[in-house]
Number of protein chains: 2
Amino acid sequence: MKSNCTLAEIAAILRTRQRFVVISHARPDGDALGCTLAMTLCLRQLGKDVTAWNEDGVPEKFRYLPGSELVTQPPADPQTFDVAVVLDNAVENRAGTARTAIAHADVWINIDHHHTNPRFGDFAYVDATAPAAGQVLYELFRQCDLPLTYEMADNLFAAISTDTGSFQYPSTTARTYEIAADLIRLGVNVGDLSQKMYESYPRRRLELLRALLNVLRLTSRDRVASFALSAETARTLGIQPEDNEGLIDSIRSIDTVVAAAFFEELGDGKIRISLRSKSPKIDVSKICGLFGGGGHQLAAGARTPGTLAAVQEKVLQALDHEFDQP
Amino acid sequence: MKSNCTLAEIAAILRTRQRFVVISHARPDGDALGCTLAMTLCLRQLGKDVTAWNEDGVPEKFRYLPGSELVTQPPADPQTFDVAVVLDNAVENRAGTARTAIAHADVWINIDHHHTNPRFGDFAYVDATAPAAGQVLYELFRQCDLPLTYEMADNLFAAISTDTGSFQYPSTTARTYEIAADLIRLGVNVGDLSQKMYESYPRRRLELLRALLNVLRLTSRDRVASFALSAETARTLGIQPEDNEGLIDSIRSIDTVVAAAFFEELGDGKIRISLRSKSPKIDVSKICGLFGGGGHQLAAGARTPGTLAAVQEKVLQALDHEFDQP
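Conventions we followed
- Residues numbered from 1 in each chain as written.
- Chains lettered and ligands numbered in written order.
- Predicted model: local features only at pLDDT ≥ 70, side-chain atom pairs only at ≥ 80, totals over all residues.
- Heavy atoms only, no water.
- Least-squares fit on C-alpha atoms with pLDDT ≥ 70 in both.
- Contact = heavy atoms within 4.5 Å.
- pLDDT = per-residue confidence, 0-100.
- Buried area = accessible area lost by both parts, 1.4 Å probe.
- Salt bridge = Lys/Arg side-chain N within 4 Å of Asp/Glu carboxyl O.
- Polar contact = N/O pair within 3.5 Å; in protein donor to acceptor, adjacent residues only side chain to side chain.
- Helix = DSSP H or I, 4+ residues; strand = E, 2+ residues; numbered from the N terminus.
- Nonpolar A, V, L, I, M, F, W, Y, C, P; charged D, E, K, R; others polar.
- Buried < 20%, exposed > 50% of the residue type's maximum accessible area, 1.4 Å probe, protein only.
- Expected span 1.5 Å × (residues − 1).
- Pairing = 2+ DSSP bridges.
- Axes fitted to C-alpha atoms, helices over the stretch in contact; angles between N-to-C directions.

## Considering the relation of the copies chain B and chain A
So, point 1. Superposing chain B onto chain A takes a rotation of 180° combined with a translation of 0.0 Å along the rotation axis, leaving an RMSD of 0.0 Å. The operation mapping one copy onto its partner corresponds to a two-fold rotation axis.
So, point 2. When the interface residues of chain B are mapped onto chain A, 100% of them again fall at the interface, so both copies present the same face.

Pasting the structure below:
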């Protein structure tokens, strides 16, 4: 499915309207927050009134992002804006309370890189070849001569780096590396920012990794690795939701493994499923679709009701079934 | 200390002489092997007779590098060459048997990026601002119009990526990212190569990580993290030397940690020390120097006689002392 507008049309709206709200998806990752902040800072440079919301605010581990204090949790009373900008969000209601706090907006802009994005909104620009929504925003800012400050560069670099697993995923292209070079010339301090992104985890995260390695399971003839985090273990170790990010990569890295799965017992009676694949033959967005979720071919997620053990079994069976396909 | 020659002078030797041997340091990492192979493939493109040696051959985990079958362990009988090319090797005798198997070479070329390199050899080109020897080789090939094939690009990309922790270390510059973009345009498949570099570890490596996390120590008021691998644990888990690479990064990533240390009991009565620092104030090459080793400010190593426990204590004390300096 194609975009229904050009970047120039989006830039024209950014330049001509006055009251903006910028949102993304709840439980934000580096791409979601980096984009929210880069867009917010750009609009401020243009002299606009900008509100930036996320249902979860800015998790502690992302406070290093320049301008992070500008993103707040949405208020109880819905508000009205000229323009709502939705970034890196393929499923409209994944914005949660940040979506419902918008009573009305004259114009809805949707900028994303998820191929499953249904192109909601008045102006939907989705580039499914981009490895991060941050890369799409970079093209918007550069191609349309919008402001691109050092603080924006830091946010875009963080968005792209975290969503490509530090420039490693198959979606990463020569263009992605060129953009990173340009952002560094704008002032990004690679070592400093990388340390904040990848080398600043609380000690409890290593304790969590140790606990998870103790319950590691290999199934489907060692082609699937999985582990599960119970609410009790999370409580004992004092785990915050953001502590889990990236832990799945440690089990995906086993040479025989094609798909990795992480199961997390949430407080609301639901189980969060995270799946990663190394092969286009095992499309994990399809599996997550069976459980009401979605995402990319090689990285997807879902939240589904059930017990930890039952959901793990069902997903492992679905994965095993995929390996049986011709 | 400056280089004693230009890249053009080195290129002239590569073009005019015929019999080459290419070596690096023993216990090779991605930069050492990527450079050895890129240079070997370049010389073959130029129609030269090329021998490539490494004391340890090519460890299993690096067999994905194009041309890896060209690197062999050196023979018992020393041989004579027109030119010996030493790459990514700051300490001449670290080449081990690959050095002693060279009875004579008319010309010695030394290309490196370690600031501690004493500029040995007839033509020593050392760029201490480059994050990897692979980046220096790239500049040589491009600036001097030497061959640069897809297979060479793969090797240079692997060299640079592994020596920058996937484009994250402080030494990584905009130029590094531009080089990566150019190598991708030459044919490097980022996703495929990254998977081979970072997501293809044997299962025993995770078991090793679990074992090490169980003996994790935090000292110097949580600013130093360390763990030690006994020969017995290594034997029980069936650990190969290359399994350890990068494990130190997992403990460096604790937010309070400034320096990380990994101690490994070798078979020969010696202990291998690996140190990483996050701050120029803690120069780990200085600490390793106390134990007969060397390296970079933020990443260094040494091998020293002693017991695992005694060496660990001595190094932790030396690190603690560093934190007391004004």
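## Some words on the confidence of the model for chain A
Residues shown with low pLDDT carry predicted positions that ought not to be read at fine detail.
So, point 1. Model confidence for chain A is summarised by a mean pLDDT of 95, while 100% of its residues fall at 70 or above.
So, point 2. For this predicted complex, the interface confidence reaches an ipTM of 0.87, while the overall pTM sits at 0.88.

## Quick notes on the interface of chain B and chain A
So, point 1. Opposite the 40 residues of chain B that make contact, chain A presents 40 residues.
So, point 2. With both chains or domains summed, chain B and chain A bury close to 3,700 Å², and 58% of this area falls on carbon and sulfur atoms.
So, point 3. It is B:Gln168, B:Tyr177 and B:Glu199 in chain B that bury the most area against chain A; as a group they hold 19% of the surface buried on that side.
So, point 4. On inspection of chain B and its partner chain A, the count reaches four salt bridges.
So, point 5. Among the salt bridges present, the one from A:Arg252 reaches B:Glu199, with a minimum N-O distance of 3.3 Å.
So, point 6. Inspection of the region where chain B meets chain A yields 21 residue pairs in polar contact (both at pLDDT 80 or more).
So, point 7. When contributions to the side of chain B that touches chain A are tallied by element, the ones reaching two or more residues are helix H6 (174–185), helix H7 (190–198), helix H8 (203–213) and helix H10 (247–252) of chain B.
So, point 8. Residue composition of the side of chain B that touches chain A, by class: 20 nonpolar, eleven polar and nine charged.

## Things to note about the environment of B:Val315
Residues and elements named next belong to chain B.
So, point 1. Here Val315 lies in helix H12 (residues 308–324).
So, point 2. Val315 sits in the buried class, given a relative accessible area of 1%.
So, point 3. Between the C-alpha atom of Val315 and that of Gly294, which follows or precedes it by 21 residues, the distance is 14 Å.
So, point 4. Not counting chain neighbours up to four residues away, the residues in contact with Val315 comprise Phe263, Ile273, Leu275, Ile287 and Phe291.

## A short note on H6(B)
So, point 1. Compared with an ideal rise of 1.5 Å per residue, which puts twelve residues at 16 Å, H6(B) spans 17 Å between its outermost C-alpha atoms and is within 8% of the ideal.
So, point 2. Of the residues making up H6(B), those classed as buried are B:Ala174, B:Thr176, B:Tyr177, B:Ile179, B:Ala180, B:Ala181, B:Leu183 and B:Ile184.
So, point 3. Lining the buried residues of H6(B) we find helix H5 (150–163), helix H6 (174–185) and helix H7 (190–198) of chain A together with helix H4 (133–143), helix H5 (150–163) and H7 of chain B.
So, point 4. Once H6(B) finishes, B:Gly187 follows within two positions and takes phi at roughly 125°, a positive value.

## A short note on the sheet that holds strand S10 (residues 270–277) of chain B
All names here are of chain B.
So, point 1. Spatially, S7-S8-S9-S10-S12-S11 is the arrangement adopted by the six strands of the open sheet, whose pairing is mixed. Strand pairing shows two members of the sheet lacking a second neighbour, strand S7 (217–219) and strand S11 (294–295), which therefore form its edges.
So, point 2. As paired elements, strand S8 (residues 224–229) and strand S9 (residues 259–265) share six bridges and run parallel to each other. Directly across from Val224, in S9, lies its bridge partner Ala259.
So, point 3. Of the strands in this sheet, S8 and S9 touch H8, which is tilted by about 120° from S8.

## Details of the pairing of strand S5 (residues 102–112) of chain B
A regular strand places its side chains on the two faces of the sheet in alternate fashion.
Residue and element names in this part refer to chain B.
So, point 1. Counted residue by residue, S5 has eight buried out of eleven residues, so it is predominantly covered.
So, point 2. For strand S4 (residues 79–87) and S5, the ladder comprises eight bridges, and the chain directions are parallel. By the bridge assignment, Val85 is partnered in S5 with Ile109.
So, point 3. The sheet contact formed by S5 and strand S6 (residues 123–126) spans four bridges and is parallel.

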